[in-house]
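Residue strings, one per chain:
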Amino acid sequence: MSPSEAKKKIQELTDQVNYHNDLYYQKNKTEISDFEFDQLLKDLEQLEKEFPELKQPDSPTQRVGGTITKEFASVVHEYPMLSLGNTYSPQELEDFDGRVAKGLDGDAYEYFCELKFDGVSISLIYENGLLTRGITRGDGVRGDDVIANVKTIRSLPLKIKGKNIPAKFEVRGEVFLPKKVFKQLNKEREDIGEETYANARNTASGTLKMQDSSEVARRKLDCFLYYLLGEENNVQTHDEAIHKIESWGFQVSPTYKKCKNIREVLEYIAHWEKKRADLPLETDGVVIKVNSLDQQERLGFTAKSPRWAIAYKYKAESISTRLNGITYQVGRTGAVTPVAELEPVLLAGTTVKRASLHNANEIARLDLHIGDYVFVEKGGEIIPKITSVDLNRRSGHTKAVEYIAECPECGTALVRKEGEANHYCPNEKGCPPQIKGKIEHFIQRKAMDIDSLGEKTIGQLYDLNLVKTPADLYDLKKEDLLRLEGFKDLSSKNVLDGIEASKAAPFEAVLFGIGIRFVGKTVAEKLARYFKTIDNLASASYEQLLEAPEVGEKIAQSVFDFFREKESQKEIERLKAAGLQFESSFKEPEKVSSSLAGKSFVISGTFQRYERDQLKDLIIAHGGKVLSSVSGKLDYLVAGDNMGPAKREKAEKLGVKIISEEEFERMIA
Ligand code: IVH
């Protein structure tokens, strides 16, 4: 490709990516799949690598990360990042209101209320419309410039378009992990036997400071903005400022409200106390700001915080109850989790009997004694947690909890690797919950999807010595199942049918199901595509494994070790013999002709004779290219039923040829 062609192509791809990004984040709509979107980004990245001089400073490829920052630059904030005064009581809020009234000498004023987002604050600097810096709060005076990580936040504009944009301005906001993303992240970690994260806030904070921005991009941080600073913003109130940044394309939470007086503020607080549970992110209170910027200036700051704003914090509901004992759970990977057994107590509408204690460090930190009265809280986390011991109620003869030394399930001595918080039971092949856990992992929907089996049945099969590894499932007979409690002809047949059907599950599902440590669903998919067969994967060297996409040192080592173990080899052989899929069915479409060489296509709508993917494969097989959106460079739009009218209009306007399924068939005939 010549540089001038590359330039054109880069612009085209940039426009497409920006178009879809805008559609997704500003208009809540999608026209292409995540996969197609990533593909566009990858194409752009590739071109930028080949022609580095053509890379634009606001290129959307920065969204996928790739930069490694060994040490973040420390930057002095232009305006110090202060914190807010806190209160938990309506009375103190009235006092605040009194101080505001007094400070403004009886002039009229109004408030602007926002929720207090529980994340990490960030300061963003824009110069000539371009995002140039993303600085953490640090100590309030200086923070770290984590710009490469900030740029991975898809909802943040890298460049502001529009008229009258100040040459330089700063916006501040809160970076957070949406509840859904956090849950998903923890689930993925659980699946691969990694310790889960305790809460979204700390995880967001840790993520923002990671050195590898492509890992940050995978975590899917998000951001709400709530503060505009600068000399030439041309706004009189906070309200106007919020609307201005919104119009510039920043994401603002729609939960804000202008309030005429402190009574309305209290109503706002009451309104969100329960409803905030439905919001996509954690919130821990309300921030109340004087709306007029002129009045803000008149009120000024104390050494620590503004006099024109205050945070009202919702109380995490807390109650004291007796710690009756500690039990220990052993998971699929052998990780041991201590659980507090509590005297049942009603908290925030539900009865609480247990609380997670995470690990031995947590027990030591709390200095727990059996028989203690402990404070239990339901905060941002769904599982209640113990925040402290009520020392006033500790009796003379309690003893500090001693962490167990042996596995409660199989008696094996526990191990704790250096630098790891968790104790592990190393008896992988003989410890009941580990064995059962591995089978449960194998049958789950994302793996072999045998939904006629469940935890209870697996427990019984294990107890009767019928199933000890996934391969044993494929040796089960009807007589075996009839021995289980409550099993009759039909239920036994259901289970056997389910097991039989699982033999068709694709290779990537099998690979995920066999439960190699650190191989989650996504990694399994990548490995299956890359190595194609289990034999290729099993014989791959450590270095070859490292070359596969998504595979780092930890995963490579784990996969390498797995296939060197006798037991794993035997298990794979048995699963092969049972007829499971150990070859990827993913095929790059084979070239059959070059009749469509140099031609580009967009497929839209539904078709009589083909699935969309089949059409795509056909185009590629005949040497053509599939694009995802209509532009002036496009040659053909293959139009099916129910194609959006906007697409047709756009194609017509740009002079793109619109063809039917039949016309397409004629082209490749
Ligand atoms: S305004 C000078 N608005 O709370 C005041 N802060 O305790 C500027 N926060 O560091 C802050 N949501 O990280 C403001 N709607 C909101 C907020 C908010 C969360 C955080 C912010 C700040 C801390 C202050």
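Further up the page is the structure itself.
Residues numbered from 1 in each chain as written. Predicted model: local features only at pLDDT ≥ 70, side-chain atom pairs only at ≥ 80, totals over all residues. Heavy atoms only, no water.

So, unusual backbone geometry
Argument step 1. The backbone of His358 sits at a positive phi, close to 65°, despite the residue not being glycine.
Argument step 2. Its place among the elements puts His358 in the loop between β14 (350–356) and α11 (360–366).
Argument step 3. Positive phi outside glycine occurs at Asn465, with the angle close to 65°.
Argument step 4. Following the sequence through the fold, Asn465 ends up in the loop between α13 (455–463) and α14 (470–473).
Argument step 5. A residue is classified by how much of its surface remains accessible, and Asn465, at 56% relative accessible area, is exposed. (Helix = DSSP H or I, 4+ residues; strand = E, 2+ residues; numbered from the N terminus. Buried < 20%, exposed > 50% of the residue type's maximum accessible area, 1.4 Å probe, protein only.)

Section: the site of the ligand
Argument step 1. The local shell around the ligand consists of Leu84, Glu114, Leu115, Lys116, Phe117, Ser121, Glu174, Tyr226, Tyr227, Val287, Lys289 and Pro306.
Argument step 2. Between the ligand and the protein, one listed contact pairs a nitrogen atom with a side-chain N or O atom of Glu114 at 2.8 Å.
Argument step 3. The contact in question runs from a nitrogen atom of the ligand to an N or O atom on the side chain of Lys289, over 3.1 Å.
Argument step 4. Broken down by class, the residue content of the shell around the ligand amounts to 7 nonpolar, 1 polar and 4 charged. (Near = heavy atom within 4 Å. Polar contact = N/O pair within 3.5 Å; in protein donor to acceptor, adjacent residues only side chain to side chain. Nonpolar A, V, L, I, M, F, W, Y, C, P; charged D, E, K, R; others polar.)

A closer look at the pairing of strand β7 (residues 168–176)
Argument step 1. In terms of burial, β7 is largely enclosed, as 8 of its 9 residues are buried.
Argument step 2. Here strand β4 (residues 120–127) runs beside β7; their pairing, made up of 8 bridges, is antiparallel. Looking at β7, one finds that Glu127 is bridged to Lys168.
Argument step 3. Where β7 and strand β8 (residues 222–229) come together, 7 bridges link them in antiparallel fashion. Each bridged residue has a counterpart across the sheet, and for Glu174 the counterpart in β8 is Phe224. (Pairing = 2+ DSSP bridges.)

Topic: the nonpolar core
Argument step 1. Counting 53 residues, the largest nonpolar core has Phe442, Leu473, Tyr474, Leu511, Ile514, Leu527 and Val559 as its most contacted members.
Argument step 2. Residues Ile147, Ile160, Leu208 and Leu228 belong to the second largest nonpolar core, which totals 35 residues. (Core = buried A, V, L, I, M, F, W, Y, C linked by side-chain atoms within 4.5 Å.)

A closer look at the environment of Lys554
Argument step 1. Structurally, Lys554 is set in helix α21 (residues 553–564).
Argument step 2. The spacing of Lys554 and Pro589 is 35 residues in sequence and 33 Å in space, taken between C-alpha atoms.
Argument step 3. Apart from residues lying up to four places away in sequence, Lys554 is in contact with Glu194 and Phe518. (Contact = heavy atoms within 4.5 Å.)

Brief notes about the packing of aromatic side chains
Argument step 1. What the rule picks out here adds up to 21 aromatic pairs.
Argument step 2. With 6.1 Å between their ring centres and 85° between their planes, Tyr312 and Tyr314 make a pair best called edge-to-face.
Argument step 3. For Tyr312, a relative accessible area of 10% translates into the label buried.
Argument step 4. What makes Tyr314 buried here is its relative accessible area of 6%. (Phe/Tyr/Trp six-rings, centres within 6.5 Å; stacked < 30°, edge-to-face > 60°.)

Worth remembering: the numbers are spatial, not functional.
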